[in-house]
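Tertiary structure, described
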Amino acid sequence: MFDTTTRTVVVVGAQWGDEGKGKLVDVLAERADWVVRYQGGANAGHTVHIGDRSFVLHQVPSGILHEGVRCAIGNGVVLDPETLFHEIDGLVEDGVEVEGRLYVSERAQLVLPYHKAMDQASAASKAIGTTGRGIGPTYEDKIARRGVRVLDLRWPERLREQVTRGVAHANERLAAMGSDVRANVDDTLETLGRVGPRLLALADDVGLCVHNAVKSGAAVLLEGAQGSLLDVDHGTYPFVTSSNTTAGGAAVGVGIGPRAIHAALGVVKAYTTRVGNGPLPTELAEPLQSEVRKLGNEYGATTGRPRRCGWFDDVVVRYAARVNGLTGLAVTKLDVLDTLDRIAVCTSYEVDGERYTEFPADLELLERAVPVLEWTDGWKTDTSTARSLSDLPSAARAYLDRMEAAIDVPITYVSVGTRRDQIIEARASVA
């Protein structure tokens, strides 16, 4: 993937998240020098399977599982320090070397206990289907300029001022929502005092570190969370996350210029899923919905919630290709379709008799959209042992060829299982 002209690559989800970005980053990190997370928080879970072991990473970049790869958490991430250290301690217990390899942006905003309390009390959050991890309220405080950054931990007086403002706002909101929970300034400062020294030991100017790495010719992977259709600007608003999940957010969320990014790899499932509420035009009816969910083990790595399943949607992925400027596609979970007699792909939507081939921004249109499906026979063959495109049955290759032509982006990787070795490299580069 990395060559003399392609040294910095952003990996993004091109659907509604859970596409398998963690596995792709883990596979690609073997050739990388740096892996950097650029947005989101502990509401996302990247699952990586190594042999008989599974690692679920919520905030630490997936590259940490490769010896010698440096990892960083960028300023665009909202950081939950307590869960971060729980995650780090778990990795160390499993024999993963973390010390000296993980950097945290001193500009990253902190998720505090009162952010979680607001998130869990909010009826709006429940309607949207958030995880209750405090992500939205933390981004809200960031924009309102009352957030707490990692670097604020160095300055006790300023930290107390920021926390006092945050607590006052949180308690006002909690009261308005009818919650009995109240935040306390001293309790919050005590929590920060407990994690502060350890967090400051990881703090650095991540933007400068990555800039220097890019300038020196290092291979850098920028890792996003969630998916393009959950982007706060370009997703199915208001059923979205609170950050920019698309490739444009990578430069901002790390602290480098957009010209430093050479390629964008979009990760898609061979079908479609989403967690929580919001439109999913190709959603399957029962009993096929439950069958695909069982075949794909479609349950959230962070929440355990069952994912809604649908057919592959050309309209969604073409849109994601456009807003991300995708240079390559990685198709995951092809093997989940192995046993199906017939497989459908959505080519367009029909709304009140009008045909839509481009993804509409209007939620009302999406809620009424009827998918126009193109059917094909399944391949009814186990693909999990395939290690090259030629190993795949002809019907599976035709399915991928059709996908590539419809999206107009080359397929560079195909995953046929959860393990590291169950991946087909279809092309040498995403440039």
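Description of the structure in this document. Please read these numbers as outputs of a predicted model, since none were measured by experiment.

1. Thoughts on the pattern of salt bridges
All chains considered together, the criterion is met by 25 salt bridges. Put simply, K21 and E19 hold a salt bridge, and the shortest N to O gap is 2.8 Å. Between D421 and R387 there is a salt bridge whose closest N-O contact spans 3.5 Å. A residue pair is termed long-range when its members are at least 10 positions apart, and D421 in the loop between β19 (411–415) and β20 (423–425) and R387 in the loop between β18 (370–377) and α13 (394–407) qualify at 34 residues.

2. Describing the sheet that holds strand β11 (residues 263–269)
Hydrogen bonds between backbone groups are what pair the strands of a sheet, and the pairing can be parallel or antiparallel. On the basis of which strands lie adjacent, the open sheet formed by ten strands has the order β9-β7-β5-β2-β10-β1-β11-β15-β19-β20 and mixed pairing. The open sheet terminates on both sides in strands that have one partner only, identified here as β9 (203–204) and β20. Strand direction decides the pairing type here: β11 and strand β15 (residues 328–332), joined by five bridges, are parallel. In the strand pairing of β15, L265 is matched with G328.

3. Points about the packing of helix α2 (residues 81–93) against helix α7 (residues 185–200)
Contact geometry of α2 with α7 gives a least axis separation of 10 Å together with a crossing angle of 50°. Of the possible angle classes, the one that applies to α2 and α7 is oblique. Where α2 crosses over α7, the handedness of that crossing is left-handed. Where α2 abuts α7, its residues P81, E82, L84, F85, I88 and D89 lie against T191, R194, V195, R198 and L199. A class-by-class count of the residues in the contact of α2 with α7 yields six nonpolar, one polar and four charged.

4. Comments concerning the side chain of S243
Note that S243 resides in the loop between β10 (220–223) and α9 (248–254). You can call S243 buried: its relative accessible area is 5%. Once residues within four sequence positions are removed from consideration, S243 is found in contact with Q39, G40, Y139, Q226, L230, D231 and V232.

5. A closer look at the pairing of strand β1 (residues 8–13)
Among the six residues that make up β1, six are buried, leaving the element largely enclosed by the rest of the structure. Of the two faces of β1, the one carrying T8, V10 and V12 and the one carrying V9, V11 and G13 are both buried. Two elements, β1 and β10, share four bridges in a ladder whose sense is parallel. Opposite V9, over in β10, you have L221 as the bridge partner. Sheet topology places β1 next to β11; five bridges connect them, and they run parallel. Across the sheet, the residue bridging to V11 is L265, located in β11.

6. Focus: the packing of aromatic side chains
Using the criterion set out here, one finds five aromatic pairs in the structure. Residues W311 and W375 carry aromatic rings whose centres are separated by 5.5 Å and whose planes lie at 75° to one another, so their mutual orientation is edge-to-face. Here W375 lies in strand β18 and W311 lies in the loop between β13 (308–310) and β14 (312–313), a separation of 64 residues in the sequence. Judged by its relative accessible area of 7%, W311 is buried.

7. Notes on the packing of helix α3 (residues 113–121) against helix α6 (residues 156–176)
The contact between α3 and α6 brings their axes to 10 Å, and the two run at 15°. With respect to each other, α3 and α6 are oriented roughly parallel. As α3 runs across α6, the sense of the crossing is left-handed. Of the residues in α6, those in contact with Y114, A117, M118 and A121 of α3 are V163, G166, V167, H169, A170, R173 and L174. Among the residues making up the contact of α3 with α6, the classes are represented as eight nonpolar, two polar and one charged.

Parameters at a glance
Residues numbered from 1 in each chain as written. Predicted model: local features only at pLDDT ≥ 70, side-chain atom pairs only at ≥ 80, totals over all residues. Heavy atoms only, no water. Salt bridge = Lys/Arg side-chain N within 4 Å of Asp/Glu carboxyl O. Helix = DSSP H or I, 4+ residues; strand = E, 2+ residues; numbered from the N terminus. Pairing = 2+ DSSP bridges. Axes fitted to C-alpha atoms, helices over the stretch in contact; angles between N-to-C directions. Parallel < 35°, antiparallel > 145°, perpendicular 65-115°, else oblique. Left-handed = near helix turned anticlockwise from the far one by under 90°. Contact = heavy atoms within 4.5 Å. Nonpolar A, V, L, I, M, F, W, Y, C, P; charged D, E, K, R; others polar. Buried < 20%, exposed > 50% of the residue type's maximum accessible area, 1.4 Å probe, protein only. Phe/Tyr/Trp six-rings, centres within 6.5 Å; stacked < 30°, edge-to-face > 60°.

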